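Read off the chains here:
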Amino acid sequence: MQKTLLKTEKLCKTFSNGGQQQHVLKNIDLELYQGDFTVIMGASGAGKSTLLYALSGMDTPSLGKITFGDKTISDLSQDGLAVFRRDHCGFVFQQIYLIDGMSVMDNVLSAGLLVNKDKKALVARAKELFAAVDISEETQKKFPTQISGGEAQRVGIVRAIINSPEILFADEPTGALNSKTGLDVLDTLTKFNEQGQSVVMVTHDMRSARRGNRILYLKDGVILGECNLGKYAHGDTARHEKLSAFLKEMGW
Amino acid sequence: MRKLFLIARSNMRRAKGQTVAIVVLILIAAMLLNLWLMLSMDYKANFDRYHDELNAEHVTVTVDDEDGAVCEFLSQTLENDDRVSEYRHDGCLHMTTSFSYNGGEMNHWCVFLKKETALTRTVGRAEIVEEGSFSSGVYLPMIFKSDEIALGKPIEMSIGSHTVEYTVCGFFNSVMMGSHNCGLTEIMLSGDKYAELETLGYAPQATLCSVRLYDKSENLNFEATIKSAISERFPNLNMVSNSYDIVSQARYISQMICSGVMSAMAFFVLLIALVVIASNIINYIQVNMKNLGALKAVGYTSRQLIFTLLLQFLGLALFAALVGTALSYALFPAINSMMIAQTGIPYLIRFLPLPVIISLLILGGAVAFVVWLASRKIKKIEPILALRSGVQTHNFKRNRIPLEKTKAPLNFALALKTTLSGVKHNITVCITMLVLSLVVVFSGLMTENVIVDMTPFLNLIVGETADSCISVNAETEEDFLTEMNVDSRVEKAYLYTTINVTHPGGAELLTTVCDDFTKVNNPNVIYIGRFPKYENEIAIGAKYAKEKGLTVGNEIQITANGKTEKYLISGLTQVTNYLGRDGLLTRSGYERLGTITNVSYYINLEEGTDIDAFNADVKEKFADAVNTTINVEMTVEAASGVYVTLMTIIVVAILVLSAIIIAFVLYLLVRTMLNNKKRDYGILKSLGFTTRQLVLQTALSFMPAIIISTVVGLIICSLIINPLTALFLGSLGIVKCTFNIPIVFITVAGVGLILLSFAIACLLSLKIKKIAPRNLLDGE
């Protein structure tokens, strides 16, 4: 029996645009489990990213409830949500969003020092993570504008997991990268997931989606279907076929 | 042109807050500039207008004249002097007179004239400004109009050693004798009251002679000549005079101080506005590099883009300047009534085009120059480079505060990173805080030395003060001194009497004769050298010495009572009594020229002694031998009350203005920072930084520049404020200021300034609350 990390009940998100109401998420009931690599797929405008922002506390739902353990996060204030993100979540952005004015190491430590006051231990963990994602000591001293997109995204991942968050959210993490560097980033995420890190990733890329063990398909603001692929294994062709069939069934 | 106008309009619309803040700063500068120009250009001219209108004199002399001999002598002398264009002499009564005024005591040499005479004089006419229905009583100069001295109210006057009571019938304007700041004060009496005073004999008969000259710049020389001629012919007569230069400056000291402070503040605010505009333009170029590149790519020239900025900022500046000058007219009545209360000369407010034009030219010119200077960088923008990546707003080659190594707490370290990456912001903050430091130090100096305790200000302006001043006949002097020596209430008594002497070829010097200068309370009167010690020594005003190329060790000739003697200059003084035309002589030194007929003693009383009771006792004891008794403290309080009021208003106004300036400058900087760092704030929020932490970081990022520039500014300003004030008061004869530097006030105000800046920065940074991490995900 897997432990539930996040749970939503009748989650709705409505945007108002020029007086017109747009219901992006409609009564979503969902549970996210510890250790899973959950992938949220769907066509453009299906509400994938909106769901991710709501789950990660980046945005507040219009209606419904989101609970993390026994804590209801949908009722939290903006600062309460910031603390929730700080203590429990990591986030990897499509556009990476490193702070240009800080070195690679400082980008990571600025997130780490928010939670961990033991700087020595924190620096050691950062170095360990950098080594794991193949970021050299020299690169750690550089500024974001001086490194490649792939390196930057791997730095983004290190920053996201420096505080060992319960859930790592990733919004199209390979969207802005070329094929090779995108693959490196997926390998990194997979590796961390194998080490026990729970991951929730939004993507519309099948190659990326294959890394997940649980695939959710979102259409018009509702979860249309779910597919369990099991743990990722390199060269698992049956997995690919199963995912293709599922997506075909969903109308992908 | 229309397209350029549209770009300028679009720029303004996108930065509404910044536009408003710049408009407010320019508006304040324009308001102060126009007020300063109105005060300095027209206010003093107003004196000359009234001087012409009332055909006022350039030199006034009043001399005791029981039998009309002086009058006859004056007529002969003036007829034969080709410098005189016209003159008028009238019979009057004159005597030192005192009455309660402004919470103290007005004590001055007064000329009593019959109302009809005063209003019909062909030279030196007075005009009634306000009159009640009372026909019998006294008319006073406008300057004395107050709550206590009002139409219909009784006024008790001590004329010499006698007391009389009159009803105030009205107020008048007399250009040359309408103030207590000059040598003579005119008082008009209704016909019956004049006749009554004449009969009582409280004030001796005198001749009042008013002389107009062809060349008014000759007034001081003429005054010296005529007084010398009179004292030569009538050595023992009481004589008091006024001259155009002294009166025109003395009546406008307050206006000079006020307009000086206003001009300084106007230029400070303008400087800050210009720094803010320059910083805004540089930031605009960096942030809009791509847009500017795109505009260049479609054919706009650098000149056109610079012109757009010029159009934008010059348009704003001229608009703000027009509103500011209009506002100055709204504020002017309040300043005018304050000034009238201090000059005693009516001023009719009217539109003055020249100050407005000059204000617009100064502001427009300065803004245009700064815009051109700051926007030249546009020329260097190559469209292709700008379109590819824009130009980096910061150079990140060095990581000055690596989080890995720094011991500073996280929020402080991140704030410091922001500080170090914002050089332009720091420069703007530093210039603002340096200017405001000067304002704080000046306010402190005025608070401590004028508002709270006037002694240092009085020491500088008045020179010597004591508790009591008693003037006795020369023949009673010995008895008087014996009495003072045995009176337990007396701490010390010393001769301190003023007599006019002449420096041949120069001017008349208001000379103080003292029997022992070691007894004086204010040794700072001597600026260089020492007090005169021997009979052949004299100290003269530093300003006068500079004008005449004299210094310590030089020998000068001094004339009085028809005798001329040589003196060695032992020291230079700085007292504003006679606009720097002062002198100090020992008793034996003066006695080489003549005898002192009316001796005045300055008396310091033991702590807690009632000065008025002491004076009354002395008066009773010596009866008619005592000419006058003056409660110096009360007299000084009355005369200086106007300065205290003026300074209080100035200090409060400039401190409020400083707070407004800090708020606007910080508003501009914080807004710019929030715009530039919106993405970073979004990222930090997504990482879990709370609004409070980011507000703290933002406010803290300004603090190093604020703290350093405030501390450095306060220290430097504390060191230079005395020389600066001396420079400011130079025209009054001040060469060196020795005001107490209010360390506690400056420290408290400095801390207050820093805390206020921090609080304002925190408040303004609260806008961070509106930056949601979600904005990042929506593509910012």
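Just above, that's the structure.
Residues numbered from 1 in each chain as written. Chains lettered and ligands numbered in written order. Predicted model: local features only at pLDDT ≥ 70, side-chain atom pairs only at ≥ 80, totals over all residues.

Here we look at the overall build of chain B
- Each helix and strand in chain B was counted, giving 24 helices and 20 strands.
- Viewed in the frame of its principal axes, chain B has a C-alpha envelope of about 100 × 55 × 50 Å.
- The long-range share in chain B, meaning contacts at least 24 apart out of those at least 6 apart in sequence, stands at 84%. (Helix = DSSP H or I, 4+ residues; strand = E, 2+ residues; numbered from the N terminus. Contact = placed C-beta atoms within 7 Å.)

A short note on the interface of chain A and chain B
- With 30 residues of chain A at the interface, the matching set in chain B holds 24 residues.
- Elements supplying a minimum of two residues to the side of chain A that touches chain B: helix 1 (48-55), helix 2 (78-88) and helix 3 (104-115) of chain A.
- At seven residues, helix 3 of chain A tops the list of elements feeding residues into the side of chain A that touches chain B.
- Among the residues forming the side of chain A that touches chain B, the class breakdown is 16 nonpolar, six polar and eight charged. (Nonpolar A, V, L, I, M, F, W, Y, C, P; charged D, E, K, R; others polar.)

Here we look at the sheet that holds strand 1 (residues 4-17) of chain A
Residue and element names in this part refer to chain A.
- Across the sheet, four strands lie side by side as 2-1-4-5; this open sheet has antiparallel pairing. Here the strands that pair on one side only, and so sit at the sheet edges, are strand 2 (20-33) and strand 5 (71-72).
- Across two bridges, strand 4 (residues 63-68) lies against strand 5 in antiparallel orientation. If you follow F68 over to strand 5, its bridge partner there is K71.
- Its contacts with the sheet put helix 1 on strand 1, strand 2 and strand 4, and the angle it makes with strand 2 is roughly 60°. (Pairing = 2+ DSSP bridges. Axes fitted to C-alpha atoms, helices over the stretch in contact; angles between N-to-C directions.)

Things to note about the sheet that holds strand 9 (residues 214-219) of chain A
Residue and element names in this part refer to chain A.
- Taken in spatial order, the six strands line up as 6-7-8-3-9-10 in an open sheet, and their pairing is mixed. Where the open sheet ends on each side, the last strands, each with one partner, are strand 6 (89-92) and strand 10 (222-228). If you compare each strand with its neighbour and ignore which way they point, the axes differ by 20° on average.
- Contacts between helix 6 (residues 149-161) and the sheet are confined to strand 6 and strand 7 (167-171), with strand 6 contributing the most and set at about 170° to the helix.

Some words on the pairing of strand 16 (residues 555-560) of chain B
- Only one face of strand 16 of chain B is buried: it carries I556, I558 and A560 of chain B, and the other face, with E555, Q557 and T559 of chain B, is open.
- Counting the residues that bridge the hairpin from strand 16 of chain B to strand 17 (residues 563-573) of chain B gives two residues, and of these N561 of chain B lies at a positive phi of roughly 55°. (Buried ≥ 20, exposed ≤ 12 C-beta atoms within 10 Å, placed from the backbone.)

A few points about the packing of helix 2 (residues 16-53) of chain B against helix 8 (residues 253-287) of chain B
Residues and elements named next belong to chain B.
- It is the contact of helix 2 with helix 8, at a shortest axis distance of 8 Å, that shows an interaxial angle of 155°. The angle between helix 2 and helix 8 falls in the class roughly antiparallel. Seen along the crossing, helix 2 lies across helix 8 with a hand that is left-handed.
- Its residues placed into classes, the contact of helix 2 with helix 8 shows 21 nonpolar, six polar and no charged. (Parallel < 35°, antiparallel > 145°, perpendicular 65-115°, else oblique. Left-handed = near helix turned anticlockwise from the far one by under 90°.)

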